[in-house]
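This is what each chain is made of:
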Amino acid sequence: MTPVAAIGRAYPVLDLSDAHYAPLAHSFLPVLLDWFEAFAAGQGCTVDDLHARGLRANKVAHLMQAFTSIRMHRDRAPGLAAAPAIGWARVLLAEGWGRAKSGETHTFVVVATERGWFVIDPFTRYIRKLERDDHRWFVEFVVL
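Our subject in this report is the structure included herewith. On a predicted model such as this, the values are computed, not experimentally measured, just so you know.

Our focus in this paragraph is the pairing of strand β4 (residues 86–93). With six of eight residues buried, β4 lies mostly within the body of the structure. The sheet contact formed by β4 and strand β5 (residues 105–113) spans seven bridges and is antiparallel. Its bridge partner lying in β5, Ala89 is registered against Phe108. Relative to strand β8 (residues 137–143), β4 runs antiparallel, the two being bridged by six bridges. When the sheet's bridge partners are listed, Arg90 is paired in β8 with Phe141.

Counting through the fold element by element, His26 comes out in the loop between β2 (21–22) and α1 (29–42). Residue classification places His26 among the buried positions, given a relative accessible area of 17%. With residues up to four places along the chain from it excluded, the contact list for His26 reads Thr113, Glu114, Arg115 and Phe118.

Basis of the calculations
Residues numbered from 1 in each chain as written. Predicted model: local features only at pLDDT ≥ 70, side-chain atom pairs only at ≥ 80, totals over all residues. Heavy atoms only, no water. Buried < 20%, exposed > 50% of the residue type's maximum accessible area, 1.4 Å probe, protein only. Helix = DSSP H or I, 4+ residues; strand = E, 2+ residues; numbered from the N terminus. Pairing = 2+ DSSP bridges. Contact = heavy atoms within 4.5 Å.

Interpretation note: all reported values are geometric properties and have no functional meaning in isolation.
In structure tokens, the structure reads:
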């Protein structure tokens, strides 16, 4: 069983596009959010503007994965083939979190670090660890 499959009570549907995934250093999570804010600023807007224009967490996850892939390729030894463990998940919330209300389903960025799997809301900078039996979250599916 892959690590991401074990994050929910009922195992989510998985879409794994690469054979091997590399967890990130936990200290890199704020960097991902800083990159996203810099990306928005480069477009002459804020992250809220990007959300209002239709950019959603699944697309942000792809951007973060691309940024991180470039960084990993630049910084590590040649011959190590792994994709950064960054993707997105659709989560049904039994308890409100950030801009998401209880009972709503939202997409969020998911990232594996050496401390476990984390959910990121790139539009609010909220970060939360995914726990296996957390009744406040129902992970419907994960795409890496």
